Amino acid sequence: MMEFLYFPEDKTEYIPAIIQLVIFMIGAAVVMYFFYKVSKKEEKKFNEQYQEESFDDKE
């Protein structure tokens, strides 16, 4: 009935897939860390730029 599913008898065939999954998960975490770091840097730059302009408008 479900011939399209393949579950190997030898479980060592799962090892390359698990290694690949771990590599991609670590890569995704690193990319998310860099996005977060760059986003915080841009937020700080944005707040400094527009905070100075709002003080100039009041004077």
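Note that the coordinates shown come from a computational prediction; the quantities given were computed from them, not determined experimentally. (Residues numbered from 1 in each chain as written. Predicted model: local features only at pLDDT ≥ 70, side-chain atom pairs only at ≥ 80, totals over all residues. Heavy atoms only, no water.)

1. Quick notes on the pattern of salt bridges
- The full count for this structure, using the stated rule, is one salt bridge.
- With a shortest N-O distance of 3.6 Å, Glu43 and Lys40 are connected by a salt bridge. Taken together, the positions of Glu43 and Lys40, both in helix α1 (residues 15-58) and three residues apart, correspond to about one turn of that helix. (Salt bridge = Lys/Arg side-chain N within 4 Å of Asp/Glu carboxyl O. Helix = DSSP H or I, 4+ residues; strand = E, 2+ residues; numbered from the N terminus.)

2. As for a nonpolar patch on the surface
- Taken together, the side chains of Phe4, Leu5, Phe7, Tyr14, Ile18, Val22, Ile26, Val30, Tyr33 and Phe34 make up a nonpolar region of the molecular surface, amounting to roughly 1000 Å² of accessible area.
- Along the chain, the position of Val30 falls in helix α1.
- The partly exposed category is assigned to Val30, whose relative accessible area is 41%. (Patch = residues over 30% accessible without salt bridge, like charges linked within 9 Å, V, L, I, M, F, W, Y side chains within 5 Å. Areas by Shrake-Rupley, 256 points an atom, 1.4 Å probe, with all protein chains shown as cover. Buried < 20%, exposed > 50% of the residue type's maximum accessible area, 1.4 Å probe, protein only.)

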